[in-house]
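Structural description and commentary
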Amino acid sequence: MPFEPKQFIEDAVAQIKRTVRIGKTIIAVSGGVDSTVTAVLMNEALGKKCVAVFVDTGFMRKGEPESMRELAGRINMNLRFIDAKKKFYSSLKGVKEPERKRKIIGGLFIKTFEKIAKEEKAKFLGQGTLAPDWIESGTGMRATIKSHHNVGGLPSGMKLRLVEPVRELYKDEVRKVGKELGLPDNICNRQPFPGPGLAIRIVGEATPEKVEVVREACAIVEEELEQAAARGEMELPWQYFAVLLPSRSVGVLGDKRAYGYTVAVRAVYSVDGMTAQYARIPDNILESISNRITRELKEDVNRVVYDITSKPPACIEWE
Ligand code: XMP
């Protein structure tokens, strides 16, 4: 039977109402499609009894906090917006090792969220768990390549009862539900984004200054590839972004010597992120990405390289 998003929404809202009779539900939203669809379904079912929490770690994509605020206002969602940028930046000061960065960010996120849950006296926790999340993690066969942090993966030790309205769905279905709920395309079709955010797209220490650089570089890569795909010049990759490398190299800025950072562009085709092939981006598009990055970020970046490694052996993210 084909998937019917309209029917799914009706059933999910009714089911949430049956599950959450008394008490408040909180849900961490990140701007990604899974947590946003979950929050909108819970908002429809519970109204003010549902509190969506957006923790701005400072490592979000360009425009993400603003678009979450805008959406919450438009659909009358009870949103608590926590500006935790300073806390996250200071906790990563001097930290270069990727696993330590991941653990610090994940730990601080949970601490921040737990505090809000307590303040709200929440009894339920909404999660945007999808079918592949529990099917894959149920096997117990996967070795830890890196510590994943996901706002949908908060610890069950929080003693909150879970509400997971999209747990039987796959990504393409959750996107259809999002469309049916009237969510904008930039949320419904959003590419995957790691929980630790831009912090793991800066190789080495993630200083606030470097975060601004990589945020802008990622936005340029997104814009250029999305426009090229819309013009029919290439198929949109599964994931595409920029990484700021710690190495610097010699260049020329005006008539002066420059010593700037290097940005690596990463774009891959994949089905589920477990394996990936690097995308063959046409030369003219790579060139305009390189031109824009070195022009718009000229004080910081003077070299752009393209990552032509598939997974395995390389992971999609660099850290
Ligand atoms: P890797 O780098 O492991 O990435 O090849 C596979 C996919 O997972 C995403 N990713 C994460 N997603 N929390 C997440 O929710 C994380 O900590 C995390 N780390 C990587 C990555 O962007 C890619 O889509």
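Sequence order sets the numbering: in each chain, residues are counted from 1 along the sequence as written. Two thresholds apply to this predicted model, a pLDDT of at least 70 for residue-level local features and 80 or more for giving and counting side-chain atom pairs, whereas whole-chain, interface and lining totals are computed over all residues. Side-chain descriptors were evaluated using all non-hydrogen atoms of the structure, hydrogens and water having been removed beforehand.

Before going further, it helps to examine the sheet that holds strand β3 (residues 79–83). When DSSP finds two or more bridges between a pair of strands, those strands are recorded as paired. Elements are defined by DSSP. Helices are runs of H or I of four residues or more, strands are runs of E of two residues or more, and each kind is numbered from the N terminus. Read across the open sheet, the 5 strands follow the order β3-β2-β1-β4-β5; overall the sheet is parallel. With one partner strand each, in any of the chains shown, β3 and β5 (161–163) form the two edges of the open sheet. With strand direction ignored, the average angle separating the axes of adjacent strands in the sheet is 30 degrees. Bridge analysis of strand β4 (residues 122–126) against β5 gives 3 bridges, and the strand direction is parallel. Each bridged residue has a counterpart across the sheet, and for L125 the counterpart in β5 is L162. Packing of helix α2 (residues 33–46) onto the sheet brings it into contact with β1 (24–28), β2 (50–56), β4 and β5, and relative to β1 it is tilted by some 160 degrees. Only C-alpha atoms enter the line fits that serve as axes; for helices the fit covers just the stretch in contact. Angles between N-to-C directions range over 0 to 180 degrees. In this description, contact between two residues means that some pair of their heavy atoms is separated by no more than 4.5 Å.

With that settled, consider a nonpolar patch on the surface. For patch building, the residue pool is restricted to those with more than 30% relative accessible area and no salt bridge; the joining distance is 9 Å between like charges and 5 Å between nonpolar side chains (Val, Leu, Ile, Met, Phe, Trp, Tyr). For the area figures, the Shrake-Rupley method with a 1.4 Å probe applies, and any residue is considered shielded solely by the protein chains shown. Salt bridge criterion: a side-chain nitrogen from Lys or Arg within 4 Å of a carboxyl oxygen from Asp or Glu. There is a patch of nonpolar side chains on the surface, built from W134, I135 and Y170 and spanning about 280 Å² of accessible area. With respect to the helices, strands and loops of the structure, W134 is situated in helix α6 (residues 131–137).

A word on the site of the ligand. By convention in these notes, a residue is near a molecule or strand provided one of its non-hydrogen atoms lies within 4 Å of it. Surrounding the ligand, one finds 16 residues, the nearest of these being K146, H149, K311, I316 and E317. The separation between a nitrogen atom of the ligand and a polar main-chain atom of G195 is 3.2 Å. Surface burial for the ligand is 89%, taken as the share of its 500 Å² of free accessible area covered by protein chains. Residue polarity is assigned by list, with Asp, Glu, Lys and Arg as charged and Ala, Val, Leu, Ile, Met, Phe, Trp, Tyr, Cys and Pro as nonpolar; anything else, Gly included, falls into the polar class. Looking at side-chain class alone, the shell around the ligand contains 6 nonpolar, 6 polar and 4 charged residues. For every domain, the bounds stem from an assignment made automatically or drawn from a database. Residue-level mapping places the shell around the ligand at the junction of two domains, with at least three residues from each of domain 1 (5–188) and domain 2 (201–306). We call two N or O atoms a polar contact when they sit within 3.5 Å, provided that within protein one can donate a hydrogen and the other can accept it, with sequence-adjacent residues counted only if both atoms are side-chain atoms.

Assigned domains of the chain: these are domain 1 (5–188) and domain 2 (201–306). Listed per partner, the contact involves 14 residues of domain 1 and 12 residues of domain 2. Here the quantity called buried area is the accessible surface, traced with a 1.4 Å probe, that two parts lose on coming together, added over both. Carbon and sulfur atoms supply 53% of the area buried between domain 1 and domain 2, which totals about 1100 Å² over both sides. In this structure, E216 and K62 form a salt bridge, with 2.8 Å as the shortest nitrogen-oxygen distance. Taken together, domain 1 and domain 2 are joined by 6 residue pairs in polar contact (both at pLDDT 80 or more). For the side of domain 1 that touches domain 2, the class distribution of residues is 5 nonpolar, 2 polar and 7 charged.

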